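Remarks on the overall topology
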Amino acid sequence: MKFVSWNIDSLNAALLGKSDRSVQSRQVLASIRGENPEVIAIQETKLPATGPSKKHLTALSQFFDDYDVHWRSSVEPARKGYAGTMCLSKKGLPLVAVTEPRIHSPEPMDCEGRLQTLEFPDFYLVNVYTPNSGDGLRRLSDRQLWDDAYRAYLTELDEAKPILACGDFNVAHQEIDLAHPASNHHSAGFTDEERQKFTALLGAGFTDTYRYLHPNQAGAYTWWAQRAVTSKANNSGWRIDYWLVSNRLNSRVKQSTMIDTGDRRDHAPILLDITC
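By the naming in an unreviewed UniProt entry, the protein chain is Exodeoxyribonuclease, taken from Scardovia inopinata F0304. Per UniProt, the protein chain has the following entry under Sequence similarities (unreviewed entry): "Belongs to the DNA repair enzymes AP/ExoA family." Within the UniProt record for the protein chain, the comment given under Function (unreviewed entry) is "In addition to 3'- to 5'-exonuclease and 3'-phosphatase activities, ExoA was shown to make single-strand breaks at apurinic sites in DNA."

Right, let's talk about helix α3 (residues 54-64) for a bit. Within α3 the residues assigned to the buried category are H56, A59, L60, F63 and F64. On an axial view of α3, the arc spanned by its buried residues comes to 120 degrees, and they lie on one face. Along α3, exposed side chains directed more than 90 degrees from the buried face belong to K54, K55 and Q62. Where the residues of α3 are buried, they touch α1 (11-16), α2 (20-35), β2 (39-43), β3 (67-72) and β4 (85-90).

Once that is clear, we can look at a nonpolar patch on the surface. Residues L57, V69 and W71 make up a contiguous nonpolar surface patch of about 220 Å² in total accessible area. Inspection of the secondary structure assignment puts W71 in strand β3. With a relative accessible area of 32%, W71 lands in the partly exposed category.

Here we take up the UniProt feature "domain: Endonuclease/exonuclease/phosphatase" (unreviewed entry) in the protein chain. In the numbering adopted here, UniProt assigns the feature "domain: Endonuclease/exonuclease/phosphatase" (unreviewed entry) to residues 4-253. A helix fraction of 28% and a strand fraction of 22% characterise residues 4-253, whose end C-alpha atoms lie 14 Å from each other.

With that settled, consider the nonpolar core. Judged by nonpolar contacts, the single largest core of 22 residues is most densely connected at V126, Y150, L154 and F169. Secondary structure elements with two or more residues in this core: β7 (124-129), α4 (140-158), β8 (163-168), α5 (192-203) and β12 (241-246). A per-element tally of this core places α4 first, with 6 residues. Discounting residues that sit within four places of it in the chain, Y150 has contacts with I103, L115, V126, V128, A165, F169 and L201.

Turning next to the sheet that holds strand β10 (residues 223-224). Read across the open sheet, the 3 strands follow the order β11-β10-β14; overall the sheet is antiparallel. Pairing within the sheet leaves two strands with one partner each, and these edge strands are β11 (237-238) and β14 (266-267). Bridge analysis of β10 against β11 gives 2 bridges, and the strand direction is antiparallel. Pairing of W223 across the sheet is with W238, part of β11.

Right, let's get into the UniProt feature "site: Transition state stabilizer" (unreviewed entry) in the protein chain. Mapped onto this numbering, the UniProt entry gives "site: Transition state stabilizer" (unreviewed entry) at N170. Within the secondary structure, N170 is located in the loop between β8 and α5. Owing to a relative accessible area of 9%, N170 belongs among the buried residues under this scheme. Beyond its immediate sequence surroundings of up to four residues, N170 is in contact with Y129, T130, P131, N132, R143, G189, E194 and I240. Polar side-chain contacts of N170 include one of 2.8 Å to the backbone oxygen of T130.

On to the pattern of salt bridges, then. Under the criterion given, the structure shown has 20 salt bridges. Between R143 and E194 there is a salt bridge, and its shortest N-O distance comes to 3.4 Å. Taken together, the positions of R143 in helix α4 and E194 in helix α5 put the pair 51 residues apart, joining distant regions of the chain. Its salt-bridge partner being K254, residue D273 comes within 3.8 Å of it at the nearest N-O pair. Of this pair, D273 sits in strand β15 (residues 270-274) while K254 sits in strand β13 (residues 253-258), and the two are 19 residues apart along the sequence. Here K254 falls in the exposed class, since its relative accessible area comes to 54%. Several salt bridges converge on common partners, so that one network encompasses D9, R21, E44, K46 and D266.

The next thing to look at is the packing of aromatic side chains. This structure, assessed with the given rule, holds 11 aromatic pairs. Taking 5.9 Å as the distance between ring centres and 85 degrees as the angle between the ring planes, the aromatic pair formed by F169 and F198 counts as edge-to-face. Here F169 is found in the loop between β8 and α5, whereas its partner F198 is found in helix α5, with 29 residues between them in sequence. Each member of the pair, F169 as well as F198, carries the same accessibility label: buried. Ring geometry for F190 against W238: centres 6.5 Å apart, planes inclined by 85 degrees, an arrangement best described as edge-to-face. Taken together, the positions of F190 in the loop between β8 and α5 and W238 in strand β11 put the pair 48 residues apart, joining distant regions of the chain. Each residue in the set F3, F120, F123 and W243 is aromatic and connected to the rest through ring pairs, giving one cluster. Across from the ring centre of Y124, 5.4 Å away, lies the NZ or CZ of K161, which sits over that ring.

Conventions used here
Residues numbered from 1 in each chain as written. Predicted model: local features only at pLDDT ≥ 70, side-chain atom pairs only at ≥ 80, totals over all residues. Heavy atoms only, no water. UniProt positions renumbered as here; feature names shortened; annotations may be inferred. Buried < 20%, exposed > 50% of the residue type's maximum accessible area, 1.4 Å probe, protein only. Helix = DSSP H or I, 4+ residues; strand = E, 2+ residues; numbered from the N terminus. Arc of directions from axis to C-beta. Contact = heavy atoms within 4.5 Å. Patch = residues over 30% accessible without salt bridge, like charges linked within 9 Å, V, L, I, M, F, W, Y side chains within 5 Å. Areas by Shrake-Rupley, 256 points an atom, 1.4 Å probe, with all protein chains shown as cover. Salt bridge = Lys/Arg side-chain N within 4 Å of Asp/Glu carboxyl O. Core = buried A, V, L, I, M, F, W, Y, C linked by side-chain atoms within 4.5 Å. Pairing = 2+ DSSP bridges. Polar contact = N/O pair within 3.5 Å; in protein donor to acceptor, adjacent residues only side chain to side chain. Phe/Tyr/Trp six-rings, centres within 6.5 Å; stacked < 30°, edge-to-face > 60°. Lys NZ or Arg CZ within 6 Å of the ring centre and 35° of its normal.

Structure below.
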């Protein structure tokens, strides 16, 4: 089975925008369609509380007409049109339930639409958009509490069924996971605190599938700064998007990789091929 995860950075811009970047985003969506995944997990949809409009759904259907759409948006007291997640699941899949868990994280993180769980007969798929620690690390302490709550949530689920967990985790775990570790040691996404929390997550029984298959692969990233014009050309990137699986699924992982986005900066989709 194939699964794809992508931080799209505004579903509206990707589907309905007229800019060159919007055109690039639609090319990425076409590439995802070409992989024919069972589930597509999307982060940072930035949709209103009412979810996708008819125009959004019509535009989505041009790529994914054989998928059901499950969305979760930011709601009050969180900011409007902020964060948000979405999952597209192929029609006919034996989907048991779709839930929008609240994990008792610092307010208003639980209201920002950051977490979705799809339950299948033999596993859970968890889509996450982890909070960024922010400029000046102003949200780092809350981010650490989120990491603890998220780890506890996954651990509880894992007692019932194995897990496929994906999304934008907003952390480069090891020095090999970003181009310039020395100069980013105290930057959001590469602080000691964030990296330690990710280590704790893996230690709770989960595997970073890309690093499992490619233990020494350097220069493989999932994000390049959009504001830095040369970031993609110079491959000055970070690997902050992950497919994690319960350790007992390790031997079933066939592929974990990035989908090429050409010149488009920001996040690249990541693909997992696994026997479930």
